[in-house]
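# Coordinate inspection notes
Listed here are the chains, written in short residue letters.
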Amino acid sequence: SIATARPSESSPEAIVEDALRSSAQALIAPPEYRSGLLSHSLGDAWVARVESDYRQWYASPKLDDMITGIHNIVGASEAGAYPIATSVDGMSIGVPTASVHGDEATVEQATISYVIHRAPGPWTQPDVPYSMMCYDTLHRTPAGWRVTDASCTDSGG
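Residues numbered from 1 in each chain as written. Predicted model: local features only at pLDDT ≥ 70, side-chain atom pairs only at ≥ 80, totals over all residues. Heavy atoms only, no water.

### Side note on the nonpolar core
- Formed by 41 residues in total, the largest nonpolar core has its most connected members in W46, Y54, Y58, L138 and V147.
- Put simply, the parts of the chain that give this core at least two residues each are α1 (12-26), α2 (40-54), α3 (62-79), β1 (85-94), β3 (104-118), β4 (127-141) and β5 (144-156).
- Those residues in contact with L138, other than ones at most four positions away along the chain, are P12, I15, V16, D103, E104, A105, V107, W145, R146, V147 and T148. (Core = buried A, V, L, I, M, F, W, Y, C linked by side-chain atoms within 4.5 Å. Buried < 20%, exposed > 50% of the residue type's maximum accessible area, 1.4 Å probe, protein only. Helix = DSSP H or I, 4+ residues; strand = E, 2+ residues; numbered from the N terminus. Contact = heavy atoms within 4.5 Å.)

### Description of the state of the cysteines
- Scanning the model with the defined rule gives one disulfide in all.
- Between the sulfur of C134 and that of C152 lies a disulfide, 2.1 Å long from S to S. Its S-S torsion of approximately 110 degrees makes the covalent link between C134 and C152 right-handed. Highlighted residues: C134 in strand β4 and C152 in strand β5, separated in sequence by 18 residues.
- Looking at C134, the relative accessible area reads 3%, which means it is buried.
- Among the residues examined, C152 registers a relative accessible area of 32% and is labelled partly exposed. (Disulfide = S-S within 2.5 Å.)

Any functional reading would require information that these geometric values do not contain.
What follows is the structure in structure tokens.
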């Protein structure tokens, strides 16, 4: 896979936008996945890809929550019937201007919407519209701005 350039002087708004996009794309199983239980080898590759991506946009404590989340999704997909996403599309992201105070920044009401397409399985809805609005807190680190907390309300999924 092609590595995404690590941001250094990117704005808080750009980091929030990329974090939202990363969160949506994290849901997507590896392209080799076709159906049924997720294999452990594909699960390990999925987790590694997402953890690497998340580290570009998040810092602790939010990073820890995000990594726990992808481990839970992948673990559930390996353990039994679980709605596995094979793609997302129709993505729309809106990020208002950040409020910056020194090494801290906040972004209020950042939004993302998209449609999740699931692999065939025992769930009733293969295509699920999803939207989320977040209040993000960022901190300037040596590697650039990172999201350290996000409080989100969501619908769908």
